[in-house]
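Below are the chains, spelled out letter by letter.
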Amino acid sequence: MTKYHLNLAHLYGDLLNTYSDVGNIIALRYYAKQMDADIAVKVVSIDEEFNPDEFDMALFGGGQDYEQLVVSKDLPNKKAGIEKFINDGKPLLAICGGYQLLGHYYIGANGEKIPGLGVLDHYTLSQDHNRFIGDITIKNEETGQEYHGFENHNGKTYLGKGERPLGKVVSGHGNNGEDGSEGAIYKNVYCSYFHGPILTRNGEIAKKILLAALHHKYPAADLSQAEALEIKPTF
Ligand code: GLN
């Protein structure tokens, strides 16, 4: 029995799970165990209610344009819930397609406009017959931490109000190949184009997400041991 229990919503986990984004849950569980916490996971998909009060953290993975289009039609039903979840300060990890769908819209590879939730202020354009593919390294300017991953996306994302990048591109393409930014941070929402999956290779981000969830759920707990968890490089 662990001391802490966390509930994770895997948003559209049956449709958006490119390049094993589900591995992020394995990484979260690996680090959670070291913080004396376990994680129950529930996939919340099309036509299912998302109750923000039921969950302590969430994962919104990547996918193909077709699946993103399917998901986008269901998003209005979950908008109020996801907005509340984010504004409550609960952590959400959004990768690639999920990242795009948190913003205003994504223009798909065939030119179709796929509406997003619009709860974050970015938007995503399409590249003409090109994708950003390959290994990528970025540096978070606030912490100096370096993050490593693999990107494969058509979309070019431009950040908006209140969003700061997850990191500055050291090598690779990032959000749009132009402004040197990669990913986004907004409140406790972490967005990125990184697959890999991101958390298996960048435990520091897993640690931030878990600590945010634990502090939110257990405000009176002494979490100093979890805070002190040392993350060993895995890439
Ligand atoms: N379909 C989107 C794009 O190509 C997202 C891809 C992904 O999630 N890997 O930009």
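Quick caveat: nothing in here was measured; it's all calculated off a predicted structure.

## A few points about unusual backbone geometry
Leave glycine aside and you will find that most residues have negative phi; peptide bonds, for their part, are mostly trans.
For step 1, the next point in the chain: Pro197 follows Gly196 through a cis peptide bond whose omega is -15 degrees.
For step 2, the next point in the chain: Position of Pro197 among the secondary structure elements: in the loop between strand E14 (189–192) and helix H4 (198–201).
For step 3, the next point in the chain: A positive phi is found at Ser20, a non-glycine position, where the angle reads about 60 degrees.
For step 4, the next point in the chain: Tracing the chain through its elements places Ser20 in the loop between strand E1 (4–11) and helix H1 (23–34).
For step 5, the next point in the chain: Residue Ser20 is classed as partly exposed on the basis of its relative accessible area of 44%.
For step 6, the next point in the chain: For Cys96, which is not glycine, the phi torsion reads 50 degrees and is therefore positive.
For step 7, the next point in the chain: For Cys96, the position within the fold is in the loop between strand E4 (92–95) and helix H3 (97–102).
For step 8, the next point in the chain: Assessed through its relative accessible area of 7%, Cys96 is described here as buried.

## As for the site of the ligand
For step 1, the next point in the chain: The immediate surroundings of the ligand are formed by 16 residues, with Gly63, Asp65, Gln68, Cys96 and Gly155 found nearest.
For step 2, the next point in the chain: Here a nitrogen atom of the ligand and a side-chain polar atom of Asp65 are 2.6 Å apart.
For step 3, the next point in the chain: In the environment of the ligand, a nitrogen atom lies 3.3 Å from a nitrogen or oxygen atom belonging to the backbone of Asn152.
For step 4, the next point in the chain: Here the ligand loses 97% of its free accessible area of 300 Å² to cover by the protein chains.
For step 5, the next point in the chain: When residues of the shell around the ligand are traced back to their parent elements, those giving at least two are helix H2 (65–87), H3 and strand E9 (146–153).
For step 6, the next point in the chain: Taken together, the residues of the shell around the ligand sort by class into three nonpolar, eleven polar and two charged.

## With respect to the pairing of strand E11 (residues 167–171)
Strand residues, when the strand is regular, have side chains that alternate between the two faces of the sheet.
For step 1, the next point in the chain: Looking at chain direction, strand E8 (residues 132–139) and E11 are connected through three bridges and run antiparallel. Across the sheet, Ile138 pairs through a bridge with Val169, a residue of E11.

## What about the UniProt feature "binding site: substrate" (unreviewed entry) in the protein?
For step 1, the next point in the chain: Cross-referencing UniProt, the feature "binding site: substrate" (unreviewed entry) maps to Arg131 in the present numbering.
For step 2, the next point in the chain: Judged by its relative accessible area of 40%, Arg131 is partly exposed.
For step 3, the next point in the chain: With residues near it in sequence (within four places) discarded, Arg131 still touches Asn152, His153 and Asn154.
For step 4, the next point in the chain: Within the local environment of Arg131, its side chain forms a polar contact with the side chain of Asn152, the two groups lying 2.8 Å apart.

## Observations regarding H1
For step 1, the next point in the chain: With twelve residues, H1 ought to run about 16 Å at 1.5 Å a step, and its terminal C-alpha atoms sit 17 Å apart, in line with that.
For step 2, the next point in the chain: Buried within H1 are the following residues: Gly23, Asn24, Ile25, Ala27, Leu28, Tyr31 and Ala32.
For step 3, the next point in the chain: Residues of H1 that are buried in the fold lie against E1, strand E2 (37–44), strand E3 (57–60), E4, H4 and helix H5 (203–217).

Rules used in this analysis
- Residues numbered from 1 in each chain as written.
- Predicted model: local features only at pLDDT ≥ 70, side-chain atom pairs only at ≥ 80, totals over all residues.
- Heavy atoms only, no water.
- Helix = DSSP H or I, 4+ residues; strand = E, 2+ residues; numbered from the N terminus.
- Buried < 20%, exposed > 50% of the residue type's maximum accessible area, 1.4 Å probe, protein only.
- Near = heavy atom within 4 Å.
- Polar contact = N/O pair within 3.5 Å; in protein donor to acceptor, adjacent residues only side chain to side chain.
- Areas by Shrake-Rupley, 256 points an atom, 1.4 Å probe, with all protein chains shown as cover.
- Nonpolar A, V, L, I, M, F, W, Y, C, P; charged D, E, K, R; others polar.
- Pairing = 2+ DSSP bridges.
- UniProt positions renumbered as here; feature names shortened; annotations may be inferred.
- Contact = heavy atoms within 4.5 Å.
- Expected span 1.5 Å × (residues − 1).

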